[in-house]
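So the chains spell out like this:
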Amino acid sequence: MQGCHESGVSAQRPFVITAYSAGASGVLEPAIPEVGPCASRDREACVVWVDHVRERKTGPCFPLTVLVCGTHEVGFTLYPPGHVPYGRAAVARVAPDGRAIIDGPSGAEVFDGTVFAAALDASKGTAWDREREGGSERWWGTQWRSLAMAQRICGVSPELGEAGREMVAAALEVELLLLREQAQRVAEAPGYRRRGEGICAVLDRLSEGSCVLSRLMASGHLAGLWGPPLWWDTQAGRLRSWSFRGLQAALR
């Protein structure tokens, strides 16, 4: 069956998000969608079933369920809220069932332990290890790559065009002027600490609003980091879009 494997899949492929909750045995189990991301291809009804469960050593760090649509011969993974394909850390601090984790710090610090951890450290002048006897979980190269990704999500990369920055600001629901100012500051002094400060300035503002996760997921899609995120709405029995469809090309 073609399309049942995700290796090498383009970042433009839609992916499905669903709540994972503890079942009778205590194991996290997903709410199973009745349709797949292939539902919009034609008028043929999806017929989906569980194909297998795959282990994860990074990202959510618990097994994820893979479904197959027999109608369209497509396989797709069910991701818990906050996680994206090939991601090693969550985009925001949410529980597997989608509830926000609101205990702890405020402001940008609520993103500790997420893909923005490198930016939080950078903003404080904490550089990750360039070398360390016995190895390390936080290397300088990883921090630099994480900063580049976070800059794109937050719209503070100097390389981002004005049209793209406007769309990211709209997705994040923050002031466009803030993104412009932080991008300019990075352009003037493009060190790792300034980059971290710019990202955290946006995260500070972002944490003040609601629906933080959906805003970040939409922004990451617009930045070309992952495909359109589709959320399984169990009450409505449909897949809902968490992205601004059709705007991706404007960021290239």
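What this report covers is the structure whose coordinates are included nearby.

Thresholds, definitions, all that
Starting from 1, residues in each chain are numbered consecutively following that chain's sequence as written. For this predicted model, a pLDDT threshold of at least 70 governs which residues receive local features, and a threshold of 80 or more governs which side-chain atom pairs are given and counted, while totals over whole chains, interfaces and linings are taken from all residues. Note that the side-chain values use all heavy atoms of the structure and ignore hydrogens as well as water. The cut-offs for exposure are 20% and 50% of the maximum accessible area for each residue type, with area from a 1.4 Å probe on protein chains only; residues under the lower value are buried, those over the upper are exposed, and the others partly exposed. Under the DSSP-based scheme used, a helix requires at least four consecutive residues in state H or I and a strand at least two consecutive residues in state E, with every element numbered from the N terminus. Note on definitions: a residue-residue contact is assigned when non-hydrogen atoms from the two residues lie within 4.5 Å. Any two strands between which DSSP finds at least two bridges are classified as paired. Patch membership is restricted to residues that have no salt bridge and whose relative accessible area is over 30%. Joining uses 9 Å for like charges and 5 Å for the nonpolar side chains Val, Leu, Ile, Met, Phe, Trp and Tyr. Computed by Shrake-Rupley with a 1.4 Å probe, the accessible areas treat only the displayed protein chains as cover when residues are assessed. Salt-bridge detection follows one rule: a side-chain nitrogen of Lys or Arg within 4 Å of a carboxyl oxygen of Asp or Glu. Only the stretch in contact is used when fitting a helix axis, every axis being a line fitted to C-alpha atoms; angles between N-to-C directions are given from 0 to 180 degrees. For classification purposes, angles smaller than 35 degrees are called roughly parallel, those larger than 145 roughly antiparallel, those between 65 and 115 roughly perpendicular, and all remaining angles oblique. By the convention adopted, Pro, Cys, Tyr, Trp, Phe, Met, Ile, Leu, Val and Ala count as nonpolar, Lys, Arg, Asp and Glu as charged, and the other residues, Gly among them, as polar. Criterion for a disulfide: a pair of cysteine sulfur atoms at a distance within 2.5 Å. Throughout this description, the term nonpolar core refers to a set of buried Ala, Val, Leu, Ile, Met, Phe, Trp, Tyr and Cys residues connected via side-chain atoms within 4.5 Å.

This part covers helix H6 (residues 212-222). Burial within H6 is extensive, with 11 of its 11 residues counted as buried. Looking only at H6, the buried set comprises Val212, Leu213, Ser214, Arg215, Leu216, Met217, Ala218, Ser219, Gly220, His221 and Leu222. Packing partners of the buried residues in H6 comprise strand E1 (15-17), helix H2 (140-154), helix H3 (162-172), helix H5 (192-206) and strand E7 (229-233). Downstream of H6 by one or two residues, glycine 224 has phi in the positive range, about 80°.

Among the six residues that make up strand E6 (residues 74-79), six are buried, leaving the element largely enclosed by the rest of the structure. By the alternation rule, side chains of E6 split into Val74, Phe76 and Leu78 and Gly75, Thr77 and Tyr79, which are all buried. Examined bridge by bridge, E1 and E6 share two bridges and lie parallel to one another. Opposite isoleucine 17, over in E6, you have tyrosine 79 as the bridge partner. Between the end of strand E5 (residues 64-69) and the start of E6, which pair antiparallel, lie four residues, with glutamate 73 showing a positive phi angle near 55°.

For the rest of this paragraph, the subject is a nonpolar patch on the surface. A cluster of nonpolar residues, Ile32, Val50 and Val53, forms a patch on the protein surface that exposes about 240 Å² of accessible area. Locating valine 53 in the fold gives a position in strand E4 (residues 48-54).

Where helix H4 (residues 176-188) meets H5, the axes come as close as 8 Å, and the angle between the chain directions of the two elements is 170°. In terms of orientation, H4 lies roughly antiparallel with respect to H5. When H4 is examined against H5, the residues Leu178, Leu179, Gln182, Arg185 and Val186 are found in contact with a partner set consisting of Arg194, Arg195, Glu197, Gly198, Ala201, Val202 and Arg205. The class makeup of the residues in the contact of H4 with H5 is five nonpolar, two polar and five charged.

Next up on the list: the sheet that holds E6. One open sheet holds the six strands; their spatial order is E4-E5-E6-E1-E7-E8, and the pairing between them is mixed. For this open sheet the edge positions go to E4 and strand E8 (238-241), each flanked by a neighbour on one side alone. Within the sheet, the average angular offset between the axes of one strand and its neighbour, ignoring direction, is 35°.

Take glutamine 182: it is sitting in helix H4. Contact partners of glutamine 182, with chain neighbours within four places excluded, come to Val156, Glu197, Gly198 and Ala201.

Now for the environment of alanine 92. Within the secondary structure layout, alanine 92 lies in the loop between E6 and helix H1 (117-123). Along the sequence, alanine 92 and aspartate 112 sit 20 residues apart, while their C-alpha atoms lie 8.7 Å from each other. Apart from residues no more than four positions distant in its own chain, alanine 92 is found in contact with Gly82, Thr114, Leu213 and Leu216.

Attention now moves to the state of the cysteines. This model, assessed by the stated rule, comprises zero disulfides. Cysteine cysteine 46 shares no disulfide, and the gap to the nearest cysteine sulfur, in cysteine 38, comes to 3.8 Å. On the accessibility criterion, cysteine 46 (13% relative accessible area) is buried. There is no disulfide at cysteine 154, and the cysteine sulfur nearest it, in cysteine 200, is 8.3 Å away.

In terms of nonpolar packing, the biggest core is built from 50 residues, with Phe116, Ile199, Leu203, Leu216 and Met217 touching the most fellow members. The element contributing the most residues to this core is H5, with seven residues. Not counting residues up to four positions away in its chain, the partners in contact with isoleucine 199 are Phe116, Ala119, Leu147, Ala150, Gln151, Cys154 and Val156.

Evaluated as defined, the whole model comprises 10 salt bridges. The residue glutamate 162 makes a salt bridge to arginine 180 at a minimum N-O spacing of 2.4 Å. Of this pair, glutamate 162 sits in helix H3 while arginine 180 sits in helix H4, and the two are 18 residues apart along the sequence. With relative accessibility at 35%, the residue glutamate 162 sits in the partly exposed group. Under the relative-accessibility criterion, arginine 180 is labelled partly exposed at 39%. Residues glutamate 197 and arginine 193 are paired through a salt bridge, measuring 3.8 Å at the closest nitrogen-oxygen approach. Residue glutamate 197 and its partner arginine 193 are both found in helix H5; the two are separated by four residues, about one turn of the helix. On the basis of relative accessibility, which here comes to 27%, the residue glutamate 197 falls in the partly exposed class. Here arginine 193 falls in the partly exposed class, since its relative accessible area comes to 41%.

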